[in-house]
Amino acid sequence: MTAVCRLTRMLSFGGCFSLIGRQWTPLLRTSSSVTMDALRTASSSASMNVFDRSMKRKQKAWASALVDADKYDYLRNEVASRIADRIFDVARTFPLALEIGCGRSHIVQNLNKETIETLFLVDVNEKALRMTAEMDIPTHKVLADEEFLPFKENTFDLVVSNLSLHWVNDLPGSLKQDIDEIEVHYPDMFQVIKDLQGMGESNCAWNRKPMLHRDTMLAAAAIYKAMYGNEDGSVPATFQILYMIGWKHHDSQVKPAKRGSANVSFGDIGKMKELSRNKPNS
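Worth saying up front: this structure is predicted, and the values here are computed from it rather than measured.

Rules used throughout
Residues numbered from 1 in each chain as written. Predicted model: local features only at pLDDT ≥ 70, side-chain atom pairs only at ≥ 80, totals over all residues. Heavy atoms only, no water. Helix = DSSP H or I, 4+ residues; strand = E, 2+ residues; numbered from the N terminus. Buried < 20%, exposed > 50% of the residue type's maximum accessible area, 1.4 Å probe, protein only. Contact = heavy atoms within 4.5 Å. Areas by Shrake-Rupley, 256 points an atom, 1.4 Å probe, with all protein chains shown as cover. Expected span 1.5 Å × (residues − 1). Arc of directions from axis to C-beta. Salt bridge = Lys/Arg side-chain N within 4 Å of Asp/Glu carboxyl O. Polar contact = N/O pair within 3.5 Å; in protein donor to acceptor, adjacent residues only side chain to side chain. Phe/Tyr/Trp six-rings, centres within 6.5 Å; stacked < 30°, edge-to-face > 60°.

1. Comments concerning the overall build of the protein chain
And then number 1: Per the secondary structure count, the protein chain includes 7 helices and 8 strands.
And then number 2: Buried residues in the protein chain amount to 38% of all 282 residues.
And then number 3: In the protein chain, once contacts between residues fewer than 6 apart in sequence are set aside, the share between residues at least 24 apart is 69%.
And then number 4: As displayed, the protein chain offers around 17600 Å² of accessible surface, 54% of which is attributable to carbon and sulfur atoms.

2. Focus: helix 6 (residues 214-228)
Since the α-helix advances by 3.6 residues per turn, residues separated by three or four positions end up pointing in the same direction.
And then number 1: In this model helix 6 runs 21 Å from its N-terminal to its C-terminal C-alpha over 15 residues, within 8% of the 21 Å that 1.5 Å per residue would give.
And then number 2: Along helix 6, the residues classified as buried are Met217, Ala221 and Tyr224. Projected down its long axis, helix 6 carries its buried residues within an arc of 65 degrees, all on one side. Exposed and oriented more than 90 degrees from the buried face of helix 6 are Asp215, Ala226 and Met227.
And then number 3: Buried-residue contacts for helix 6 involve helix 5 (189-198) and strand 8 (235-241).

3. Comments concerning helix 5
And then number 1: Here helix 5 has its buried residues at Met189, Val192, Asp195 and Gly198.
And then number 2: Along its buried surface, helix 5 packs onto helix 2 (53-64), helix 3 (74-88), strand 7 (180-186), helix 6 and strand 8.
And then number 3: The positive-phi residue at the C-terminal boundary of helix 5 is Gly200, with phi of around 75 degrees.

4. Considering the pattern of salt bridges
And then number 1: This model, assessed by the stated rule, comprises 9 salt bridges.
And then number 2: Between Asp145 and Arg53 there is a salt bridge whose closest N-O contact spans 3.0 Å. Remark: Arg53 occurs in helix 2 and Asp145 occurs in the loop between strand 5 (139-143) and strand 6 (158-161); sequence separation between them is 92 residues.
And then number 3: Arg130 serves as the salt-bridge partner of Glu126, at 2.5 Å between the closest nitrogen and oxygen. Note that Glu126 and Arg130 are positioned in helix 4 (residues 126-130) at a spacing of 4 residues, about one turn of the helix.
And then number 4: Taking relative accessible area as the criterion, Glu126 reaches 31% and is therefore assigned partly exposed.
And then number 5: For Arg130, a relative accessible area of 58% gives the class exposed.

5. Let's talk about the environment of Ser161
And then number 1: Inspection of the secondary structure puts Ser161 in strand 6.
And then number 2: For Ser161, the side chain forms a polar contact with the main-chain oxygen of Ile100, separated by 2.9 Å.

6. Things to note about the packing of aromatic side chains
And then number 1: According to the stated counting rule, one finds 5 aromatic pairs in the structure shown.
And then number 2: Ring geometry for Phe120 versus Phe151: centroids 5.7 Å apart, planes at 80 degrees, classification edge-to-face. Here Phe120, found in strand 4 (residues 116-123), pairs with Phe151, found in the loop between strand 5 and strand 6; they are 31 residues apart in sequence, far enough to count as distant.
And then number 3: Relative accessible area serves as the criterion here: at 5%, Phe151 is assigned to the buried category.
And then number 4: Plain terms: the ring middles of Phe151 and Phe156 are 5.0 Å apart, the flat faces sit at 85 degrees to each other, and that makes the pair edge-to-face. With respect to burial, Phe151 and Phe156 carry one shared label: buried.

Put into structure tokens, the structure is as follows:
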């Protein structure tokens, strides 16, 4: 279920707000009241400032306001189920979890109280937060920018995110994984663009062009179809998904054996069947 707090207070996160129970306020940073001007200054002074976060907020708000907004959730729903499968692979319960850029809470709809005891949902889009589905897990919603999370360090036991962090400036490190690809077929390039708009995934890079001429769009669609089109007239779009998983240490987790305690070398792994056959009966 979604938690309804009996005692709440207004907390400001760069012009955003959250209504959460007083018992949870110790999790928050003490300097959580930040003006939007300060956030813009911090963003512009970052070593990487590629995306216009203000534009991304507007795009997400526009997408959430669509009457048929759920029509464009097919990709997030698919990735959310795959993320949930990876969480279930970790055989433990997480007392406190955070979902960054939750949207309409696609991931948690695949989880249960045996996996997560309490969940915080964070998104920059207020309308999406209000549209989150009912769930069994006690949930608290926080309206804040993914780049300026208001929580103290070492707060959560699990942090997840579903198709949101690719719009974050200065994402540390180089994300090199085996990439999961999801291919979707569309009638034409214009349907691809329409669906990306419906997902709130339009381009928000600072160097984006404010508009493209009709002739340019038609030419791009024709080239796209000529180079990648299918025999049935449709065109493919491939979404590359990067999965990362990490969790806070817990005493219940299996611990590695002491160094030097192994009784089989890596060189003998290919001979396991032979070794098991020669093993004397006890």
